[in-house]
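Architecture and fold: a report
Here is how the chains run, residue by residue.
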Amino acid sequence: MTVQLKDIVLKRVSLLIWDGKEISIWYAAYCDGRTFCPPVIFFDEMPETLQNLFSNWLKVRKLSVTMPPRLPRPGRAYFLDDVQSAIDGAELGSD
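Residues numbered from 1 in each chain as written. Predicted model: local features only at pLDDT ≥ 70, side-chain atom pairs only at ≥ 80, totals over all residues. Heavy atoms only, no water.

**Section: the pattern of salt bridges**
- The full count for this structure, using the stated rule, is three salt bridges.
- Among the ionic pairs, Glu45 bridges to Arg73, the shortest N-O distance being 2.7 Å. Of the two residues, Glu45 is situated in the loop between strand E4 (35-42) and helix H1 (48-61) and Arg73 in the loop between H1 and strand E5 (77-79); the sequence distance between them amounts to 28 residues.
- Sharing partners across several salt bridges, the network here consists of Asp44, Glu45 and Arg73. (Salt bridge = Lys/Arg side-chain N within 4 Å of Asp/Glu carboxyl O. Helix = DSSP H or I, 4+ residues; strand = E, 2+ residues; numbered from the N terminus.)

What follows is the structure, encoded as structure tokens:
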């Protein structure tokens with residue numbers, strides 16, 4: 001699956017498995033192949049348990065996480081590294 005907005009292409013490149021559910025990992029690049037931003041995960045594709053975990057992680061850390069700009073798909077997207085940090089923190093029992 002590929003979504004396009006002018007010069008930016010969004011491609012599903014991998015999956016993250018959370019609580020038995022698949023979550024798409026998206027890669028955004030310019031049409032010429034240059035990286036637009038690091039891999040992202042869309043909030044609306046996260047299972048509710050991961051949405052809650054991630055939202056709580058943001059609240060506890062009092063972070064203003066940067067969201068990718070002008071992706072060719074509507075909705076909130078977060079960088080994979082931030083989502084992974086929230087998951088890793090939950091597994092370790094820390095933030």
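**Re the nonpolar core**
- The biggest cluster of nonpolar side chains holds 17 residues, and the ones touching the most others in it are Ile41, Met46, Leu50, Phe54, Tyr78 and Val83.
- By residue number, the principal contributor to this core is H1, which donates five residues.
- If we skip the residues at most four places from it in the chain, Met46 touches Ile23, Ile41, Gln51, Phe54, Tyr78 and Val83.
- Ile8, Leu10, Val40 and Leu71 belong to the second-largest nonpolar core, a separate cluster that totals eleven residues. (Core = buried A, V, L, I, M, F, W, Y, C linked by side-chain atoms within 4.5 Å. Buried < 20%, exposed > 50% of the residue type's maximum accessible area, 1.4 Å probe, protein only. Contact = heavy atoms within 4.5 Å.)

**What about unusual backbone geometry?**
- The phi dihedral of Asp19 falls on the positive side, at around 55 degrees, and the residue is not glycine.
- Take Asp19: it is sitting in the loop between strand E2 (8-18) and strand E3 (21-30).
- The exposure class assigned to Asp19 is exposed, which follows from its relative accessible area of 55%.

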